[in-house]
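Chain by chain, the residues run as shown.
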Amino acid sequence: QVQLEESGGGLVQAGGSLRLSCAASGRTFSYSAMGWFRQAPGKEREFVASIFWNGMPDYSDAVRGRFTISRDNVEHTITLQMNSLKPEDTAVYYCAHQGTKGWDDWGQGTQVTVSS
């Protein structure tokens, strides 16, 4: 099991930027994919971005070109740099670890609010 803790959420105006971080504990971090998901009020949780153990990223169409995911396998952290934020990016953002059964471990979430 991997424990995850997000930080960096907050309130920003449309067009602004925020940087989310996720600190992970657990021996499997360096060999696992990590991801960011988000859930807006009244909506299903949705995929935002993921990054494989070798650094290869993947993005949803909604954020591609605006968000950048990265990882540090020494510090056991992942980050999500979010630029050109839109009001529709408002959501609780969750860090996740991909285990043997899929996205097995989740952080508690951090709120991102983008005002228009």
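Residues numbered from 1 in each chain as written. Predicted model: local features only at pLDDT ≥ 70, side-chain atom pairs only at ≥ 80, totals over all residues. Heavy atoms only, no water.

A. Seen up close, the pattern of salt bridges. Evaluation of the coordinates by the stated rule reveals four salt bridges. Two residues, Glu-46 and Arg-38, come together in a salt bridge whose shortest N-O distance is 2.6 Å. You can call Glu-46 partly exposed: its relative accessible area is 37%. With a relative accessible area of 6%, Arg-38 lands in the buried category. For Asp-89, the salt bridge is made with Arg-66, and the minimal N-O distance between the two is 2.8 Å. Of this pair, Asp-89 sits in the loop between β8 (77-82) and β9 (91-99) while Arg-66 sits in the loop between β6 (57-59) and β7 (67-72), placing them 23 residues apart in sequence. Accessibility expressed as a relative area gives 1% for Asp-89, which makes it buried. Residue Arg-66 is classed as buried on the basis of its relative accessible area, which comes to 11%. (Salt bridge = Lys/Arg side-chain N within 4 Å of Asp/Glu carboxyl O. Buried < 20%, exposed > 50% of the residue type's maximum accessible area, 1.4 Å probe, protein only. Helix = DSSP H or I, 4+ residues; strand = E, 2+ residues; numbered from the N terminus.)

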